[in-house]
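Chain by chain, the residues run as shown.
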Amino acid sequence: SSSVAGASAKALAEGAIGDYVRRYRADRGVRGSAPVELSTLGLYNPAMRTQPFVIPAQMGFIIYQVTLMVASLSFARERELGTLEQLLVTPMRPLELITGKALPALVVGAVNFLLMYAVVRLLFHLPMRGSFPLLLGLSLLFVGVEIAYGVIISSVSRGQQQAVLYVFLLALLDVALSGYMVSVRNMPAFLRYAAELSPLQHYLVIIRAVMIKGVGLEVLWRPVLSLAALGLVMGLTALGSATRNLE
């Protein structure tokens with residue numbers, strides 16, 4: 001599923017087996033070319049192409065960026081236009097107001113996922129070896145987590161430009177910790193622990209595993225639970241932050 005890791009593993013295996021054959025023949029005084037031909041086959045990506053590893057990550061990042069941007073502009077736009085006070089004097093409770101602002105972002109995130117999925121399947125011809133309903137459900141969970149982040153950003157921002165700046169800074173941090181550019185396993189220990197707090201990191205693991213390897217919840221339970229826990233914590237934080245800053 002990772003062409004870099006696959007190529008490294010193949011080279012190491014060929015080197016180890018070739019070295020063993022040479023030593024075996026040398027110990028027995030056998031001369032001539034070695035009669036051993038090593039044949040390897042990649043389980044998920046036989047051609048060792050980079051697209052199956054890179055394109056799902058790009059798909060996840062686009063879903064992340066669009067959802068977070070839409071959610072972060074919800075209250076910031078109202079505050080900048082001077083209409084936030086009109087919403088606050090309505091009989092709606094804070095939870096109802098936040099839900100009303102979160103629903104459009106949820107719809108945008110879901111539609112964006114479906115469009116990106118169609119592009120990935122029809123234009124890039126990536127395989128879908130797992131369950132589409134499972135991927136859709138987990139993608140909606142990820143969208144919900146990012147909406148919570150967006151609501152927090154929107155509630156503390158004084159305007160749309162400030163919200164966009166916060167989104168930009170958060171995106172830089174999330175991309176660095178998500179394994180999008182550098183594998184999480186290759187990071188220092190403290191960064192690996194910090195990566196567990198990145199929803200994008202867990203979602204990239206999920207989307208790659210479902211599409212390329214075809215695995216289910218019995219394998220993905222850890223990133224799914226991590227994503228759900230982040231969603232619960234950030235959802236409660238978003239509710240408290242929005243309630244405090246909007247009153």
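My aim in this report is to walk through the structure given alongside it, one point at a time. (Residues numbered from 1 in each chain as written. Predicted model: local features only at pLDDT ≥ 70, side-chain atom pairs only at ≥ 80, totals over all residues. Heavy atoms only, no water.)

**Examining the layout of surface pockets**
Stated precisely, the cut-off is as follows: Throughout, the protein atoms alone are placed on a 1 Å grid, and a set of points is a cavity if a 1.4 Å probe fits but cannot get out or a pocket if it is open with protein on both sides within 12 Å along at least five of seven lines; lining residues have an atom within 4 Å of a point. Grid points are joined across faces, edges and corners, and a volume is the space filled by probe spheres set on the points. Throughout, the ten residues Ala, Val, Leu, Ile, Met, Phe, Trp, Tyr, Cys and Pro are labelled nonpolar, Asp, Glu, Lys and Arg are labelled charged, and all others, Gly among them, are labelled polar.
In this structure, the largest pocket spans a volume of roughly 1000 Å³. A breakdown of the residues in the lining of the largest pocket according to their chemical character gives 16 nonpolar, eleven polar and six charged. Here the second largest pocket is characterised by a volume of approximately 210 Å³. Lining of the second largest pocket is provided by 13 residues; of these, Ile 98, Thr 99, Ala 102, Gly 144 and Ile 147 occupy positions nearest its centre.

**Re the packing of aromatic side chains**
Within a pair of aromatic rings, the relevant descriptors are the distance that separates the centres and the angle that separates the planes. So the rule is basically this: For this analysis, a ring pair means two rings from Phe, Tyr or Trp (six-membered ring only for Trp) whose centres lie within 6.5 Å, classed as stacked if their planes differ by under 30 degrees, edge-to-face if by over 60, and tilted for the remaining angles. Comment: elements are numbered from the N terminus, with helices defined as DSSP H or I runs of at least four residues and strands as E runs of at least two. Think of it in three bands: with a 1.4 Å probe and only protein chains considered, a residue is buried below 20% of the maximum accessible area for its type, exposed above 50%, and partly exposed in between.
One pass over the full model with this rule turns up seven aromatic pairs. Taking 4.2 Å as the distance between ring centres and 0° as the angle between the ring planes, the aromatic pair formed by Phe 142 and Tyr 203 counts as stacked. Here Phe 142 is found in helix H6 (residues 132-156), whereas its partner Tyr 203 is found in helix H9 (residues 199-213), with 61 residues between them in sequence. A relative accessible area of 0% places Phe 142 in the buried class. Within the aromatic cluster, the residues linked to one another by ring pairs are Phe 61, Tyr 64, Phe 142 and Tyr 203.

**Quick look at the pattern of salt bridges**
A pair can form between side chains of opposite charge whenever their charged atoms are brought close. Heads up, the condition is: Within this document, salt bridges are pairs made up of a side-chain nitrogen of Lys or Arg and a carboxyl oxygen of Asp or Glu, the two lying within 4 Å of each other.
Applying the stated criterion across every chain yields a total of two salt bridges. Residue Asp 19 pairs with Arg 22 through a salt bridge whose shortest N-O separation is 3.9 Å. Here Arg 22 and Asp 19 lie together in helix H1 (residues 3-27), a separation of three residues that amounts to about one turn. In this structure Arg 22 comes out as exposed when scored by relative accessible area, which is 54%. When the shortest N-O distance is used, the salt bridge between Arg 23 and Asp 19 registers 3.0 Å. One end of the pair, Arg 23, and the other, Asp 19, are both in helix H1, four residues apart, so they sit about a helical turn from each other. Overall, Asp 19 belongs to the partly exposed group, its relative accessible area being 32%.

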